[in-house]
Every structure is written in C-alpha cells, then in structure tokens.
Amino acid sequence: MSTDFQQAREALGVRLRELRVEAGLNGKEFAARIGWQPSKVSRLEKGRQTATAADVEAWSQAAGAVAVADELVGRVRGLETSQRSWKRQLAAGHRAVQEGHGFQEQHAKVIHIFEVGIIPGIFQIPEYARGVLTDVADRYGMPRDIEDGVRARMKRQEVLYQSHRHFHALLWEGALNVVRCAPHAMAAQLDRLGSVIGLDTVTLGVIPFGVRTPFAPKHGFWIIDERLVIADTWNAELWLDCDEDITCYRAMWQTLKESAVFGQPAYNVIMRARAQLGTL
C-alpha cells in the first residue's frame, strides 16, 4: 500500500496534469516549452518523482497559469513534514487542502472520525462550509479562494455514496451547537446531519452533554484505514502514521464510542440542537 507521502505526491501530479491539459499541450509539447525531457513531465504527473518548488513554479509559467504558482509551491511544502501548519498549507489555497483530503478519502475503505466542535467536512452543506472556510481565511490572512474550496469540499462527499466505503463518525454534542453560519443555514446543516443517519455507508454517533465519560474531548481526529491519523490543532494539522500513534488513537476512538448514542437517540440530540437555534 502506498504511503500518505506517495499519495500526496500523486495528488500533486494529478493537479499538474490538469494544468497542462488546460493549456492545450501534450506531454512532448509541454516538455519542449519548459525545456525538460518528456520523461520528467511524465514522472511528475504520475507521482513518480518529487517536485521541487522550482519545478512547480516553472510548470505554472509554462502552463500560462502563474496565478497558481503559490498553490503548487504550498503543495510541495506540504510533502515535507508530518506537522503541517495551517498557514503553510493554506498558502496553496483552500482548494489544494480540500483536494488533499479528498485524495485520502478516495483511497480509503474505512474511516473513523471524531469531532469536538465542528460538523465533519464530509457532511457539510455549502453554506456551512462557506462560513468555516471564510473564518479560516480571515484568521490566517490566507487566499480567499472560498468558492473553489467549497466546491472541492462538496466533491469530497461523493464517497458517501460508494458502497464499498464506510464512515464511522462520532460527534461531541458541542459540535452541534457551534454556529458557523447564519441560523437558518445552521438549521439546514443539522437537518443534513440527521439525514446521513439513514445512509448505509455511515454510522453516526453523538456523545451527549452530561454523560459520564472517562476522557476530555481534546481535539478532533480522523483515522484513515488504520494506516494514518490526521489530527487538528490550532496552528497545524498532524499526519501520524507510526503504529504506536495509530493504536493510541484507535483505542481512544473505541473509548469515545462507549459514551455515544446512535440511531434515533442520536437523531433526537441533533434535533434538540436544532430547536435551540430558535432562541438565537
């Protein structure tokens, strides 16, 4: 199985190929324009060679897409470390971040999710996603490619309807009460969340307020196929792939599950949060 590094490299290759095709050039023509051997163009597009910042800057110029140079450089830098600061990642724009997560989801069969204060992106509606991405761009002073980011986040949701995948999601009740968009849109978001309970590819649990728990809900995390943990902090996103970290987070997820409710009780908690919106 390929590593997260290799998958990220392949995702970058897909983006490079997209830019070349949009420029109306085949591989040989593009190589001639950029002054490379055609084999280098092929290796980069197939994720068989790690691009440098200089490579992707030259690529953007040859493709007549200088405006995406920062995005491509941000993607290259994202390959360099498992601790990916939000400011560094978002230098490439929201679309790049969303496509990176989408690539992981497209290559996964089973994903375990825990979120403390946000509806998972895989379940978000456009209005909620737009509010979240706008807040993030404002907080870090990053490019405001909000609509590209929203579209990329919505595209990620296609995996919810692919029968060979399954999403096991747990939400702290607080996540249902953090309002990240207009109240009417938040109500629609909670309706959407309630509707995913009926999907055969999703198991959704909610940990209600007031339940005795042997833990404190420190931060959200995703476990991808028992091979990668992606965890959020205030300033960075951690990509952890050593066995010890994966075992720790998997055990924590199981502990969290024991405090959650599912099915109709989970739906009732979601609707309770929706009813509270009427008091705002």
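Just so we're clear, the structure is a prediction, and the values are computed from it rather than from any experiment.

## Structural notes on the overall build of the chain
Turning to step 1, where the next piece is worked out: On a plain count of helices and strands, the chain comes out with 13 helices and 8 strands.
Turning to step 2, where the next piece is worked out: Taken over C-alpha atoms, the radius of gyration comes to 20 Å for the chain, in line with the 19 Å a tight globule of 280 residues would show.
Turning to step 3, where the next piece is worked out: If one aligns the C-alpha atoms of the chain with their principal axes, the spans along those axes are about 65 × 40 × 35 Å.
Turning to step 4, where the next piece is worked out: Taking the intrachain contacts of the chain between residues at least 6 apart in sequence as the baseline, contacts between residues at least 24 apart amount to 74%.
Turning to step 5, where the next piece is worked out: Carbon and sulfur atoms make up 53% of the accessible area of the chain, which amounts to about 13,100 Å² in all.
Turning to step 6, where the next piece is worked out: Counting 34 positive and 33 negative side-chain charges, the chain places the centres of these two groups 2 Å from one another.

## Points about unusual backbone geometry
Turning to step 1, where the next piece is worked out: In this structure, Asp 225 takes a positive phi of about 50 degrees despite not being glycine.
Turning to step 2, where the next piece is worked out: Relative to the assigned elements, Asp 225 resides in the loop between strand 5 (221-224) and strand 6 (228-232).
Turning to step 3, where the next piece is worked out: Positive phi, close to 60 degrees, is recorded for Glu 226, a residue that is not glycine.
Turning to step 4, where the next piece is worked out: Examined against the element boundaries, Glu 226 turns out to sit in the loop between strand 5 and strand 6.
Turning to step 5, where the next piece is worked out: A relative accessible area of 41% places Glu 226 in the partly exposed class.

## Focus on the packing of aromatic side chains
Given two aromatic rings, their pairing is described by the distance between the two centres and the angle made by the two planes.
Turning to step 1, where the next piece is worked out: Per the stated rule, a full pass over the model turns up 5 aromatic pairs.
Turning to step 2, where the next piece is worked out: For the ring pair Phe 114 and Phe 221, a centre distance of 5.8 Å and an interplane angle of 50 degrees mean the geometry is tilted. Linking Phe 114 in strand 2 (residues 110-115) with Phe 221 in strand 5, this pair joins segments that are 107 residues apart in sequence. Assigned by exposure class, Phe 114 and Phe 221 land together as buried.
Turning to step 3, where the next piece is worked out: Ring centres of Phe 221 and Tyr 249 lie 4.9 Å apart, and the angle between their planes is 70 degrees; this geometry places the pair in the edge-to-face category. Taken together, the positions of Phe 221 in strand 5 and Tyr 249 in helix 12 (residues 243-257) put the pair 28 residues apart, joining distant regions of the chain. Comparing Phe 221 with Tyr 249, the two get one shared label, buried.
Turning to step 4, where the next piece is worked out: The rings of Phe 30, Trp 36 and Trp 59 are connected pair by pair, giving a single aromatic cluster.
Turning to step 5, where the next piece is worked out: Lys 40 extends its terminal NZ or CZ atom over the ring of Trp 36, reaching a point 4.1 Å from the ring centre.

## Digging into the nonpolar core
Turning to step 1, where the next piece is worked out: Of all hydrophobic cores here, the largest spans 38 residues; its most connected members are Ile 122, Phe 123, Phe 167, Leu 176, Leu 193 and Leu 204.
Turning to step 2, where the next piece is worked out: When contributions to this core are tallied by element, the ones reaching two or more residues are strand 2, helix 8 (126-140), strand 3 (166-172), helix 11 (183-195), strand 4 (202-207), strand 5, strand 6 and helix 13 (263-276).
Turning to step 3, where the next piece is worked out: In terms of residue count, the dominant contributor to this core is helix 11 (5 residues).
Turning to step 4, where the next piece is worked out: Dropping the residues within four chain positions of it, Leu 193 is found in contact with Ile 119, Phe 123, Leu 171, Leu 176, Leu 204 and Ile 270.
Turning to step 5, where the next piece is worked out: Membership of the second largest hydrophobic core comes to 20 residues, among which are Leu 16, Phe 30, Ile 34 and Val 56.

What counts, and at which threshold
Residues numbered from 1 in each chain as written. Predicted model: local features only at pLDDT ≥ 70, side-chain atom pairs only at ≥ 80, totals over all residues. Heavy atoms only, no water. Helix = DSSP H or I, 4+ residues; strand = E, 2+ residues; numbered from the N terminus. Rg over C-alpha atoms; globule rule 2.2 N^0.38 Å. Contact = heavy atoms within 4.5 Å. Areas by Shrake-Rupley, 256 points an atom, 1.4 Å probe, with all protein chains shown as cover. Lys, Arg positive; Asp, Glu negative; His and termini not counted. Charge placed at Lys NZ, Arg CZ, Asp CG, Glu CD. Buried < 20%, exposed > 50% of the residue type's maximum accessible area, 1.4 Å probe, protein only. Phe/Tyr/Trp six-rings, centres within 6.5 Å; stacked < 30°, edge-to-face > 60°. Lys NZ or Arg CZ within 6 Å of the ring centre and 35° of its normal. Core = buried A, V, L, I, M, F, W, Y, C linked by side-chain atoms within 4.5 Å.

Nothing here speaks to function; it is all geometry.
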